[in-house]
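# Fold and contact review
Next come the chains, spelled out residue by residue.
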Amino acid sequence: MSTNISEFGVFNTEKIKLYTLKNSSGVEVKITNYGATITTLKVPNSQGKIENIACGFDTLEGYFSKEYVGNSPYFGSTVGRYCSQIKDAKFTLNGKSYSLEANCGDNNLHGGVVGFDKRVWNAEFISPNALKMSLNSTDLEEGYPGNVEVYVLFTLTDDNELKIAYSATPDQDTPLSLTNHTYFNLDAFSNTIENHVAQVNTNKKQIMDDTGAGTGEIEDVSNKADDLTKGKKIGDVHEAMNDGFEHFYVFDNPNFDLQEVATIKSETSGRSLTVLSSEPCMLLYTGKYTSDEIKRENGEQYGKYKGFCCETHRYQNGPNIENSPGTITKAGEEFKSTTIFKFGW
């Protein structure tokens, strides 16, 4: 196991760092403290060739390019205070109405205009295989109530697991839902992800309205095209739906226990990704809106269907859905969430 720190760029006169974790199998993850963002994730294939499988950039400037900013795909970032869309950018809590920044039509998306993905985090290695990042989110930041101390712990194991553990404690009741927004391509971007086989361990998904916000209604997808309980080739389901995935799959997990929620595999590269999470919901997104104009500095081509996301979190639009599980963290209580990305080949 090894670690490294290097310079990554300058943001508002502040030097930004890049932190590297590498294990004995050659799995390597690079994370910048701008947005607590995974920039690179190198994993062997079945022939032992180590390649990058995550959308990102090799310089901080890449995250400010007009192609990237105009498309706003959140490559690899830590998303908060509340990920996914909140209807009409408002909610009521304890009898008080809160107005949020509307950055997705009339809705609030991924925490707002300056969410956690656009903040500079404090960072330190706390062991040879673990990086801890922290920030303070102040009262009414982007419209959300309360001051919140937020921590994200990235741990890379010799079992080829990237474990992401979130912790946050507010001084007022507030909505909290954090996730990581990495886009994966198990073929290292030599193909789209349509040849990948996806299995998701539930037959339930949350219904969205025409603005993209959750309604609170849960649909049973058993025996439908988007029922992935037995695993299906992503391209086949795209064809059957005549659309890409933007599905909020819902799991039976009342106690927020860590459980296996999804597995995605590629026969081409032999790589697999197993997702374990303590969260009640996972957005499977196949990059249907991602611009084909986005490229890494080395020419790595991104775009539509070139990466998939497994965003584990609380219910989207949870602050406006009665009894949505774990949406509100009480003053002085600790929000906790864990997701593990386990790689195989």
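Let me sum up the structure you'll find in this document. Please read all numbers here as calculations on a predicted model, not as lab measurements.

Bringing the packing of aromatic side chains into the picture now. Counting across every chain of the model gives 21 aromatic pairs. Here Phe75 and Tyr183 contribute two aromatic rings whose centre-to-centre distance is 4.9 Å and whose plane-to-plane angle is 70°, an arrangement assigned as edge-to-face. Placement of Phe75 in the loop between α1 (66–71) and β6 (78–79) and of Tyr183 in the loop between β16 (179–180) and β17 (197–200) is noted, with a sequence separation of 108 residues between them. Tyr183 carries the same exposure label as Phe75, and that label is buried. Three or more aromatic residues link up through ring pairs in this structure, and these residues are Phe8, Phe57, Tyr63, Tyr68, Phe75, Tyr183, Phe189, Tyr285, Tyr289 and Tyr302.

So, on to the sheet that holds strand β14 (residues 161–170). Consider a sheet: its strands pair through backbone hydrogen bonds, and that pairing is either parallel or antiparallel. Taken in spatial order, the nine strands of this open sheet run β11-β12-β13-β14-β27-β23-β22-β17-β20, and their pairing is antiparallel. Each of the sheet's edge strands pairs with one partner strand only, and the pair in question is β11 (122–127) and β20 (232–233). Note: strand β12 (residues 130–137) against strand β13 (residues 148–156), eight bridges, orientation antiparallel. Bridging across to β13, Ala130 finds its partner in Thr155.

This next bit is on the sheet that holds strand β1 (residues 2–11). As summarised here, the arrangement of the five strands in space is β1-β2-β3-β4-β5, forming an open sheet in which the pairing is antiparallel. In this open sheet, the two strands that pair with only one neighbour each are β1 and β5 (50–52). Across the sheet, the axes of successive neighbouring strands diverge by a mean angle of 20°, strand direction being ignored. Note: strand β2 (residues 14–22) against strand β3 (residues 28–32), five bridges, orientation antiparallel. Within β3, the position partnered with Lys22 by the bridge is Glu28.

Another aspect to go through is the pairing of β2. Of the strand pairs in this sheet, β1 and β2 are connected by nine bridges, and their pairing is antiparallel. Note that in β2 the partner of Thr3 across the bridge is Leu21. What sits between β1 and β2 in their antiparallel hairpin is a turn of two residues, with Asn12 showing a positive phi close to 50°. Between β2 and β3, which pair antiparallel one after the other, the connecting turn spans five residues, and Gly26 there sits at a positive phi close to 95°.

So, on to the nonpolar core. If you look at the biggest cluster of nonpolar residues, it comprises 50 residues, and the most contacted ones within it are Phe154 and Phe343. A per-element tally of this core places β13 first, with five residues. Ignoring sequence-local partners within four residues, the contact set of Phe343 consists of Leu41, Val43, Ile53, Asn160, Leu162, Phe184, Ser272 and Leu273. Core analysis: the second largest hydrophobic core is formed by 23 residues, Tyr68, Tyr183, Phe248 and Ile294 among them.

Scoring rules and cut-offs
Each residue is numbered by its place in its chain's sequence as written, counting from 1. In view of the model being predicted, local features appear only for residues whose pLDDT reaches at least 70, and side-chain atom pairs are presented and counted only at 80 or more, with totals across whole chains, interfaces and linings using the full set of residues. As a rule here, side-chain values cover all heavy atoms of the structure and leave hydrogens and water aside. Any two rings among Phe, Tyr and Trp, with Trp reduced to its six-membered ring, count as a pair given centres within 6.5 Å; such a pair is stacked if its planes are under 30 degrees apart, edge-to-face if over 60, and tilted if neither. For the purposes of this entry, the term helix denotes a DSSP run of H or I that reaches at least four residues, the term strand denotes a run of E that reaches at least two, and both are numbered from the N terminus. A simple rule labels every residue: compare its accessible area, found with a 1.4 Å probe on the protein chains alone, to the largest value its type can have, and call it buried under 20%, exposed over 50%, or partly exposed in between. Two strands pair if DSSP finds at least two bridges between them. Whenever a helix is involved, its axis is fitted only over the stretch in contact; in every case the axis is a line through C-alpha atoms, and angles between N-to-C directions fall within 0 to 180 degrees. Put simply, a nonpolar core is a bunch of buried Ala, Val, Leu, Ile, Met, Phe, Trp, Tyr and Cys residues held in one set by side-chain atoms that sit within 4.5 Å of each other. By the convention used here, residues are in contact when the closest approach between their heavy atoms is within 4.5 Å.

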